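Commentary on secondary and tertiary structure
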Amino acid sequence: SHPVLDIKGLRTSFYTDDGEIPAVDHIDVHIHKGEILGIVGESGCGKSVTSLSIMGLIPSPPGRIIGGNILFNGENLLDASEKRMRSIRGNEIAMIFQEPMTSLNPLFKIGNQLIEALRTHRKWSQAKYKERAIEMLNLVGLPRAEDLLNAYPHQLSGGMRQRVMIAMAMICDPKLLIADEPTTALDVTIQKQILRLMKKLNKTMNTSIMLITHDLGVVAEVCDRIAVMYAGKIVEQSDVKTIFSDPKHPYTKGLLASVPDIRSKTSRLFSIPGNVPKPGSIKKGCRFAERCQYAMDHCFEKDPDLYSFNDGEHQVRCFLYEKEGESAHESTITTS
Ligand code: SF4
Ligand code: MG
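Procedures and definitions
Residues numbered from 1 in each chain as written. Chains lettered and ligands numbered in written order. Predicted model: local features only at pLDDT ≥ 70, side-chain atom pairs only at ≥ 80, totals over all residues. Pairing = 2+ DSSP bridges. Helix = DSSP H or I, 4+ residues; strand = E, 2+ residues; numbered from the N terminus. Contact = placed C-beta atoms within 7 Å. Axes fitted to C-alpha atoms, helices over the stretch in contact; angles between N-to-C directions. Buried ≥ 20, exposed ≤ 12 C-beta atoms within 10 Å, placed from the backbone.

What to know about the sheet that holds strand β4 (residues 63-72)
Spatial ordering of the open sheet is given by β2-β1-β4-β5, a layout of four strands whose pairing is antiparallel. The outermost strands of the open sheet, each flanked by one partner alone, are β2 (19-31) and β5 (75-76). With eight bridges joining them, strand β1 (residues 5-16) and β4 adopt antiparallel strand pairing. By the bridge assignment, Ser13 is partnered in β4 with Arg64. Packed onto the sheet, helix α1 (residues 47-55) meets β1, β2 and β4 and runs at close to 75 degrees relative to β2.

A word on the pairing of strand β10 (residues 233-239)
The buried fraction of β10 is high, at six of seven residues. One ladder, built from six bridges, connects strand β9 (residues 225-230) with β10; its direction is antiparallel. Note on β10: the bridge partner recorded for Met229 is Ile234.

Examining the sheet that holds strand β7 (residues 176-180)
Spatially, nine strands are ordered β6-β7-β8-β3-β9-β10-β12-β11-β13 in an open sheet, and the strand pairing comes out mixed. Strand pairing shows two members of the sheet lacking a second neighbour, β6 (93-96) and β13 (326-327), which therefore form its edges. Pairing between β7 and strand β8 (residues 208-213): five bridges, direction parallel. Opposite Leu177, over in β8, you have Ile209 as the bridge partner. In the packing of helix α6 (residues 158-170) onto the sheet, the strands contacted are β6 and β7, and the crossing angle to β6 comes to about 170 degrees.

Looking at the environment of Leu320
For Leu320, the position within the fold is in the loop between β12 (314-316) and β13. C-beta crowding within 10 Å serves as the criterion here: with 18 such atoms nearby, Leu320 is assigned to the partly exposed category. Separated by 71 residues in sequence, Leu320 and His249 place their C-alpha atoms 8.4 Å apart.

If you want it as structure tokens, here you go:
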């Protein structure tokens, strides 16, 4: 069976007075049915632009998707009409964001907001809407669901609000949930609870999840596979176990070394010096070269290809693997 989501050669650029800014630059990534894929990288790597591209929400102008395909159950979303996209968003593909940025309206009761999310896509009776809302609140582990329907968002804690947002996202039983930094604003204990909840929903509702985060600790907890993004490109991709036991790209290694070591109680053992370059600022060579302790002369001249291991399951974009790895196939699709 084909993947739920299959992104091939996606390119999304922004056009400013300074010229073209390639925020997402030729990415190939897919998610199988029931799988949780983590997209990891620092802020400014192109993770959120990837998710907005899938949802058809790139602000245009200044943004534009200039290449690639986004196949959702085999349908290319880049060819879908706005009407079709409206019927997909919130229904077949749902999204949740970082807590304070989530879209609970402070003026409306929780119940009304849940039912509104449902009413957009389902023509049901009021009683059935209410029943489904209660079912979802129970499913996300919120007690006294009946009372909660009449509560306002400010009466809930941050963790509870995020559970409501998840209930709202899942209420139409989407095939794909895109979660963009869903736990970043929450404290560690609540974070773990929310991640466990997402894993549970992934299993019980068989929803595929794209989990976007800067935190490898978060992906270790729940993901099946990981794609590491740097400056608009995927630099490494594999199953979660391989990424943690056999990381290959120097950026992945740096991120891993930055995961707090719980036993030693130090907050950070190592963090990668420098910042993600502004998209478009590096005209040639590997985008990580400025920060890479292994950089060779040609790293500053040529963009590294993708090399693959484990029959293509593990891919890495770095010249260090030119000899060991197999050359990997990359999609090039220009949008007309
Ligand atoms: Fe470092 Fe060169 Fe590999 Fe880029 S291609 S990550 S600069 S070694
Ligand atoms: Mg972001």
